[in-house]
Amino acid sequence: MECTGKQDCMCDAHLEAEARENELARAGEKIAGQVSDYVNPMQTSFKYFVDGMSRQHRTLQQKFTGLCMAWLAHLATLEPGQYDGRNAASVALARCIRAAIIDREINTYLPTI
Ligand SMILES: [Zn+2]
């Protein structure tokens, strides 16, 4: 099928891109659940995660930092009603970090080399 360039195009390239996006969505949802399971216990220690991540490839460490920054950026943009007392401190901290990044013109670009 020839590419129409439209959003509902059914050409091979668009179908492959849609399949990749769906796979990433499923993986992201699954990993978010696994991370939630990891942090859920009251006595959880982040030390083991940090130790494990510190042994990952440095490029992957950089990408993980990007993931953390994406999460903080998301939190910083939440509107009242999208958070409550359970995560208000996270939202406040994320906003402080965003403000500091803007105020100090900190470069948040994390290249993978
Ligand atoms: Zn197409």
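Up top you'll find the structure we're talking about.
Residues numbered from 1 in each chain as written. Predicted model: local features only at pLDDT ≥ 70, side-chain atom pairs only at ≥ 80, totals over all residues.

**Q** For the overall build of the protein, give the residues involved together with the corresponding values.
**A** The number of helices and strands found in the protein is four helices and zero strands. Element order for the protein, N to C, with α for helix and β for strand: α-α-α-α. The C-alpha radius of gyration computed for the protein amounts to 19 Å, which surpasses the reference 13 Å derived for 113 residues by more than 25%, pointing to a less compact arrangement than a globule. Once the C-alpha set of the protein is aligned to its principal axes, its extents read approximately 55 × 35 × 35 Å. For the protein, contacts bridging at least 24 residues in sequence account for 30% of all contacts bridging at least 6. (Helix = DSSP H or I, 4+ residues; strand = E, 2+ residues; numbered from the N terminus. Rg over C-alpha atoms; globule rule 2.2 N^0.38 Å. Contact = placed C-beta atoms within 7 Å.)

**Q** I'd love a proper account of the packing of helix α3 (residues 58-76) against helix α4 (residues 88-103), names of residues and values included.
**A** Each pair of packed helices can be described by the angle between their axes along with the distance between the axes. Close contact between α3 and α4 brings their axes to 8 Å; oriented N to C, the two are set at 105°. Taken together, the axes of α3 and α4 are roughly perpendicular relative to one another. Every residue of α4 that contacts α3 at Leu72, Ala73, Leu75 and Ala76 is listed here: Ser90, Val91, Ala94, Arg95, Ile97 and Arg98. Classifying every residue of the contact of α3 with α4 by side-chain character gives seven nonpolar, one polar and two charged. (Axes fitted to C-alpha atoms, helices over the stretch in contact; angles between N-to-C directions. Parallel < 35°, antiparallel > 145°, perpendicular 65-115°, else oblique. Nonpolar A, V, L, I, M, F, W, Y, C, P; charged D, E, K, R; others polar.)

**Q** Tell me about the environment of alanine 99, and please be specific about residues and values.
**A** In this fold, alanine 99 is placed in helix α4. With 11 C-beta atoms packed within 10 Å, alanine 99 lands in the exposed category. Sequence spacing of alanine 99 and alanine 76 is 23 residues, and the spatial spacing of their C-alpha atoms is 9.4 Å. (Buried ≥ 20, exposed ≤ 12 C-beta atoms within 10 Å, placed from the backbone.)

**Q** Please provide a residue-by-residue account of unusual backbone geometry, values included.
**A** Phi at glutamate 105 takes a positive value of approximately 50°, unusual for a residue other than glycine. With respect to the helices and strands, glutamate 105 occurs in the segment after α4. Overall, glutamate 105 belongs to the exposed group, with 6 C-beta atoms counted inside 10 Å.

**Q** A description of α4 should follow, citing residues and the corresponding values.
**A** A rise of 1.5 Å per residue sets the reference length of α4, with its 16 residues, at 22 Å; its end C-alpha atoms lie 22 Å apart and thus fit the reference within 8%. Trailing α4 by a residue or two, glutamate 105 shows a phi angle of about 50°, which is positive. (Expected span 1.5 Å × (residues − 1).)

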